[in-house]
Amino acid sequence: MTSTLHRRAVPRTSDGAPLTLLRSVPRTPVPAPLGAGGSEVLRLITVQRVPVCLTVHANGRRRYGYWQPAKAGSGYGGCYVALPTEECDALHAAGRLVLGDPVIDPSKTTYPVRPAARPAVRSVVRAPVTAADVPRQALTA
């Protein structure tokens, strides 16, 4: 009986070289670390003592802000506080802010702004190890 070589069929390029079948897997982007301003903006939105809104005007101007009420007994009203648009837009682009249902006026559209829900952390639950699970080793002399 004669032995025959068995070769696997390997895909080859037009010049006869073996074709590489591995490809790079796209990595999920890691969110860039927040600067001091970005973390402060995210903290203000996360605390939610006052609702933060994004107002998009008819001319395209965007403004994030909230209404800050005056202290009781001061005799004055509150004021509108604007947040840095560039940092809020960066947080929204990174997926850390979520816009709610819009309220549409003829000259502007207002969206409520909320922090994005953080993904649940997966934890590994392991069964407790019992004496029956541990293999016995033979004693040798």
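Predicted model, so just to flag it, every value in this text is computed and none were measured.

Visitor: Which residues make up the pattern of salt bridges, and what values go with them?
Guide: Taken as a whole, this structure holds 2 salt bridges when the rule is applied. Here E40 ties to R43 by a salt bridge, and the two come within 2.6 Å at their closest N and O atoms. You can see E40 and its partner R43 sitting in helix α1 (residues 36-47), 3 residues apart, about one turn around the helix. Accessibility expressed as a relative area gives 37% for E40, which makes it partly exposed.

Visitor: A description of helix α2 (residues 85-93) should follow, citing residues and the corresponding values.
Guide: Three or more residues of α2 are buried, namely T85, C88 and L91. The buried residues of α2 occupy an angular sector of 130° when the element is viewed end-on, so they sit on one face. Residues of α2 that are exposed and point over 90 degrees away from its buried face: E86 and A93. Positive backbone phi, approximately 85°, marks G95, located one or two places after α2.

Cut-offs and rules
- Every chain is numbered on its own, with residues counted from 1 as its sequence reads.
- With the structure being a predicted model, the display of local features is reserved for residues of pLDDT at least 70 and the display and counting of side-chain atom pairs for 80 or more, all residues being used for whole-chain, interface and lining totals.
- In computing side-chain values, all of the structure's heavy atoms are included and hydrogens and water are not.
- Criterion for a salt bridge: a side-chain nitrogen of Lys or Arg within 4 Å of a carboxyl oxygen of Asp or Glu.
- Segments assigned H or I by DSSP are reported as helices when at least four residues long, segments assigned E as strands when at least two residues long, and all are numbered from the N terminus.
- Classification of residues uses two cut-offs on accessible area relative to the type maximum, computed with a 1.4 Å probe and protein chains only: under 20% is buried, over 50% is exposed, and between them is partly exposed.
- Note that the arc is defined by the directions from the helix axis to the C-beta atoms.

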